[in-house]
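Understanding the architecture of this molecule
What follows is each chain in one-letter form.
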Amino acid sequence: MTADFPQDPDSTANLPLSQALLLPRIAIESTSPVLENGEFAVKATAGQQVDVRSKVFVDGHDRLAVVLHWRRASSGDWSATPMQFLGNDSWSAQFPVPEVGRYVFCIEAWIDRYASFCHELEKKHQAGIAVSLELQEGRILVQHAIERSQGELHEQLQALLGQLSGLLETEQVALFMHEHSAQLMAEAQNHAYLSLSPEYPVEVERQLAQFASWYELFPRSVTDDPARHGTFNDVHQRLPMIHDMGFDVLYFPPIHPIGRRHRKGPNNSLQAGPDDPGSPYAIGSEEGGHDAIHPQLGTRDDFRRLVAAAADHGLEIALDFAIQCSQDHPWLKQHPGWFNWRPDGTIRYAENPPKKYQDIVNVDFYAPDAIPGLWLELRDIVLGWVDEGVKIFRVDNPHTKPLPFWQWLIAEVRALHPQVMFLAEAFTTPAMMARLGKVGYTQSYTYFTWRNTKAELAAYFTELNESPLRECFRPNFFVNTPDINPGFLHDSGRPGFLIRAALATMGSGLWGMYSGFELCESAAVAGKEEYLDSEKYQIRPRDFSAPGNIVAEIAQLNRIRRQNPALHSHLGFTLYNAWNDNILYFGKRSADGSNFVLVAISLDPHNAQEAHFELPLWEMGLADDAWTSGEDLMNGHRWTWYGKTQWMRIEPWQQPFGIWRIKPL
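Values in this document were obtained by computation on a predicted structure and should not be read as measured data.

Brief notes about the UniProt feature "site: Transition state stabilizer" (unreviewed entry) in the chain
The feature "site: Transition state stabilizer" (unreviewed entry), as given by UniProt, occupies Asp483 in the numbering adopted here. Within the secondary structure, Asp483 is located in the loop between β19 (476-478) and α17 (487-490). Relative accessible area serves as the criterion here: at 30%, Asp483 is assigned to the partly exposed category. Among residues more than four places away in sequence, those in contact with Asp483 are Arg394, Glu425, Glu529, Glu530 and Lys536.

Points about helix α4 (residues 132-148)
Counted at 1.5 Å a residue, the expected span for α4 with its 17 residues is 24 Å, and the 25 Å between its end C-alpha atoms agrees. Among the residues of α4, Glu134, Leu135, Gly138, Val142, Ala145 and Ile146 are the ones counted as buried. On an axial view of α4, the arc spanned by its buried residues comes to 135°, and they lie on one face. In α4, the exposed positions angled more than 90 degrees off the buried face are occupied by Leu133 and Glu147.

Some points on the sheet that holds strand β28 (residues 657-664)
The strands that make up a sheet are held in pairs by hydrogen bonds between backbone atoms, and each pair lies either parallel or antiparallel. Read from one edge to the other, the open sheet built from 6 strands follows the order β21-β22-β23-β28-β25-β26, with strand pairing classed as antiparallel. Edge positions in the sheet fall to β21 (574-575) and β26 (638-642), since each has one partner strand and no second. The pairing of strand β25 (residues 627-632) with β28 spans 5 bridges and is antiparallel. Bridge pairing in β28 places Asp632 opposite Trp660.

Details of empty space enclosed by the protein
By the definition in use, this model includes 5 cavities of 30 Å³ or more. Taken as a whole, the largest cavity holds about 90 Å³ of empty space. Contributing to the lining of the largest cavity are Phe218, Pro219, Arg220, His229, Pro253, Pro254, Ile255, Ile258, Pro280, His294 and Leu297. For the second largest cavity, the full set of lining residues is Leu217, Phe218, Ser221, Val222, Ser515, Glu535, Arg540, Arg542 and Phe544.

Here we look at the environment of Glu171
Structurally, the position occupied by Glu171 is in helix α6 (residues 169-177). Between the alpha carbons of Glu171 and Arg300 there is a distance of 81 Å; along the sequence they are 129 residues apart.

A word on the packing of helix α5 (residues 151-165) against α6
Two measures define how a pair of helices packs: the angle their axes make with one another and the distance between the axes. Two numbers describe how α5 lies on α6: the axes approach to 9 Å, and their chain directions differ by 160°. Comparing the axis directions of α5 and α6 gives the class roughly antiparallel. Between α5 and α6, the residues in contact are Leu160, Gln163 and Leu164 and Gln172, Leu175 and Phe176, respectively. Partitioned by chemical class, the residues of the contact of α5 with α6 number 4 nonpolar, 2 polar and no charged.

A word on the pairing of strand β6 (residues 84-87)
Regular strands show a simple pattern: their side chains alternate between the two faces of the sheet. As defined by bridge partners, β6 adjoins strand β7 (residues 90-97) across 3 bridges and the pair is classed as antiparallel. When the bridges of β7 are listed, Gln84 appears paired with Ser92. The hairpin formed by β6 and β7 contains 2 residues between the paired strands, and Asn88 there has a positive phi angle of roughly 55°.

A closer look at the nonpolar core
Counting 135 residues, the largest nonpolar core has Phe303, Leu378, Phe393, Trp406, Phe422 and Ile659 as its most contacted members. Leaving out residues up to four positions away in the same chain, Phe422 has contacts with Val382, Phe393, Val395, Leu409, Ile410, Val413, Tyr441, Thr442 and Gln443.

So, the sheet that holds strand β16 (residues 392-396)
Within the open sheet, the 8 strands sit side by side as β18-β17-β16-β13-β12-β11-β20-β19. Their pairing is parallel. This sheet does not close on itself; its edge strands, each paired only once, are β18 (443-444) and β19. Sheet analysis places β16 next to strand β17 (residues 421-425), joined by 5 bridges and oriented parallel. Opposite Asp396, over in β17, you have Glu425 as the bridge partner. Most of the contacts of helix α12 (residues 373-387) go to strand β13 (residues 316-321), to which it runs at about 160°, and overall it touches β13, β16 and β17.

Some words on the UniProt feature "binding site: alpha-maltose 1-phosphate" (unreviewed entry) in the chain
UniProt records the feature "binding site: alpha-maltose 1-phosphate" (unreviewed entry) for Lys264, Gln324, Asp359, Asn397, Lys536 and Tyr537 in the present numbering. Position of Gln324 among the secondary structure elements: in the loop between β13 and α11 (331-334). Setting aside anything within four residues of it in sequence, one finds Gln324 in contact with Tyr281, Ile283, His290, Ile360, Val361, Asn362, Asp396 and Lys401. Position of Lys536 relative to the elements: it lies in the loop between β20 (510-514) and α19 (551-563). Those residues in contact with Lys536 that sit more than four places away from it in its chain are Phe218, Arg220, Gly278, Ser279, Pro280, Pro482 and Asp483. Reaching out from Lys536, the side chain makes a polar contact with the side chain of Asp483 at a distance of 2.5 Å.

Re a nonpolar patch on the surface
Together, Trp627, Tyr642 and Leu665 make up an exposed nonpolar region whose accessible area comes to about 390 Å². By the secondary structure assignment, Tyr642 is in strand β26. Look at Tyr642 and you get partly exposed, because its relative accessible area is 47%.

Section: the packing of α4 against α5
α5 packs onto α4 with a crossing angle of 160° between their chain directions and a minimal axis gap of 9 Å. As judged from the angle between their axes, α4 and α5 are roughly antiparallel. In this structure, α4 meets α5 at a crossing whose hand is left-handed. Touching Arg139, Val142, Gln143, Ala145 and Ile146 of α4 are His154, Leu157, Gln158, Leu160, Leu161 and Leu164, all from α5. Considered class by class, the residues forming the contact of α4 with α5 number 7 nonpolar, 3 polar and 1 charged.

Observations concerning the side chain of His229
Within the fold, His229 resides in the loop between β11 (212-216) and α8 (232-235). Apart from residues lying up to four places away in sequence, His229 is in contact with Arg220, Asp234, His294, Gln296, Leu297 and Ile539.

Some thoughts on the pairing of β20
Most of β20 sits inside the fold, with 5 of its 5 residues counted as buried. Inspection of the sheet shows β11 paired to β20 by 5 bridges, in the parallel sense. Bridge assignment links Trp214 to a residue of β20, and that residue is Gly512. Pairing of β19 with β20, which is carried by 3 bridges, proceeds in the parallel orientation. In the strand pairing of β20, Phe477 is matched with Trp511.

Calculation rules
- Throughout this document, residue positions are counted from 1 along each chain, in the order its sequence is written.
- Local features are withheld for residues below a pLDDT of 70 in this predicted model, meaning they are given only at 70 or higher, and side-chain atom pairs are given and counted only at 80 or more; totals for whole chains, interfaces and linings count all residues.
- Side-chain metrics rest on all non-hydrogen atoms present in the structure, leaving aside hydrogens and water.
- UniProt positions are given in the numbering used here, feature names are shortened, and annotations may be inferred rather than shown by experiment.
- Each helix is a run of H or I in the DSSP string that is no shorter than four residues. Each strand is a run of E no shorter than two, and both are numbered from the N terminus.
- The classification of residues rests on relative accessible area computed with a 1.4 Å probe and restricted to protein chains. Under 20% of the type maximum is buried, over 50% is exposed, and intermediate values are partly exposed.
- Residues count as neighbours in contact if any of their non-hydrogen atoms are within 4.5 Å of one another.
- What a helix is expected to span follows from its residue count: subtract one and scale by 1.5 Å.
- Starting at the helix axis, one direction is taken to each C-beta atom, and the arc is that of these directions.
- Paired strands are those between which DSSP finds at least two bridges.
- Using a 1 Å grid laid over the protein atoms alone, points where a 1.4 Å probe fits but cannot get out form a cavity; open sets with protein on both sides within 12 Å along at least 5 of 7 lines form a pocket; any residue with an atom within 4 Å of a point counts as lining.
- Grid points are joined across faces, edges and corners, and a volume is the space filled by probe spheres set on the points.
- To get an axis, fit a line to the C-alpha atoms, keeping to the stretch in contact for a helix; angles then go from 0 to 180 degrees between the N-to-C directions.
- When describing relative orientation, an angle under 35 degrees is termed roughly parallel and one over 145 degrees roughly antiparallel, while 65 to 115 degrees is termed roughly perpendicular and anything else oblique.
- Under the scheme applied, nonpolar residues are Ala, Val, Leu, Ile, Met, Phe, Trp, Tyr, Cys and Pro; charged residues are Asp, Glu, Lys and Arg; polar residues are all the others, including Gly.
- For the purposes of this section, nonpolar cores are sets of buried Ala, Val, Leu, Ile, Met, Phe, Trp, Tyr and Cys residues that join through side-chain atoms within 4.5 Å.
- N or O atoms closer than or at 3.5 Å make up a polar contact, with two conditions inside protein: a donor-capable atom paired with an acceptor-capable one, and, for residues adjacent in sequence, both atoms drawn from side chains.
- A patch consists of residues whose relative accessible area exceeds 30% and which take part in no salt bridge; residues with like charges are grouped when within 9 Å of each other, and nonpolar side chains (Val, Leu, Ile, Met, Phe, Trp, Tyr) when within 5 Å.
- Reported accessibility uses the Shrake-Rupley method at a 1.4 Å probe radius. Residues are deemed covered only where the shown protein chains occlude them.
- Only one rule defines a salt bridge in this text: a Lys or Arg side-chain nitrogen within 4 Å of an Asp or Glu carboxyl oxygen.
- By the definition used in this description, the sense in which the near helix is turned from the far one sets the handedness, with an anticlockwise turn below a right angle giving left-handed and a clockwise turn giving right-handed.

In structure tokens, the structure reads:
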């Protein structure tokens, strides 16, 4: 007895000869950088070179010509450069992306008849084989090129043919092989069996997309009295210190009116007093919604002055874009069809069991009444804040909103304002985090917050440097957030904060910290990674010059980042040998090799750690017994290293890390 199984129709389909004859003879495959066969754009920053690689090959032994073409997506004018053969069917070339916006590139390949002829001619001639017939074939190739050419090229090729006819065999070989002859023939050649790849998109953003330091604060807490609500005008006094610490993005949680129904009290309690400010994420009241400003923060003119003042200090203002509403939001009355309602007529509030957010309700993106009105309203809210000078948005929980919405909204905004950037606050599965990057998010929060051991950190940093994440995902290493008081910091003291600051600043071109980190604040709700007396629910004044702060160290770490191009990206991470599981030792090197930074970080905030370690002399083309120059970038101390194997001791009560610039002597 036999069973009949359904067969894959593609496996038995006959390929008609007429179609087979149209298939490309030259294969162009494994092209990078490419995401999902070109469905999404890979990421780049203005001013860089995009490194393109591909496998290109053909049957037989013919030589190929492979060319990289690129253009701005908004332009019809292509630029081109030959790709270089690397061996093993691999080809590479680079193209510049000097401006913000979208670019596309493609690869073109054909059989180079003349190069193939020259290759065969040279081999036979060097082997002492008679080549008279080959020379005749070469002259025919030149004659065909003459017939295809016009003008000066036509005349030059005729002159070449004339020269060939009067030369001895060895002289003809030399003339055929001459660079000028190859150049003329390349200009006139027939593109035999031409193959063309699809066009692949590249989204080019400004430098701040890849290299930036973020500082988060609640404007309402910029006050000396917890009974007095801070204002935009108060924030002006904080700008010099934030600038001096080396930050270039100043990020505010939602600045909109806050609802009163179900307002949360201190430490997320369900009962709020009459003067409790509530969570800024419960957006909306009778004073307005997402396009309005909380009246206690100030006026729209106050906000505009703050944006301008921040710019004077080298800071850009980033705003939180949180698509959620308090139960007092104007939309509930104006557009009830944008929300989910229970059978008993009550609204469905936000939940993440066992957590409940009674002060927040979510919109329904696909409710019949929400399309297209809700989508257009949210887009216009973003554009409205862009008009106020905001070019950066941190988006709250984007993974809980539809991906098609983000793909549409980001494209709409960037089509009008390509300098706008979006940071995804998405602590979720790796596939979803990567997908958010693919649909347009500039940066993302990461798992860095919970990677503490050497093995965890090494594996994660390496993963971020590999495809597909390196093409679609820019990690922003936030050391803490108002929602996350990392467990590592609860009992690690000042050394623990320095360890995490060093990991973040050296590990990625993007990092961020929430106000209070520089004061080593760590008081937590028992058993949770949450701040005790969380600023999300109350006004929290601070003394930023309090003893034990790490302001100076943060400023120096940011200074080191700016001064060393190798540290301007998370890419380029290389793990090196340090024979101690408590010491993470890695390096980063600029593309041209001129800037080489080594970083050794003790992951133990309580005890001294020692290790032998290797200097990566091989990466500089040096022998194992070479001399190199070392410089401590935290204190400026200089020394000379001899040989590959060295020794270190790190004492966390002094400084739990070393950052060294290495150069050949």
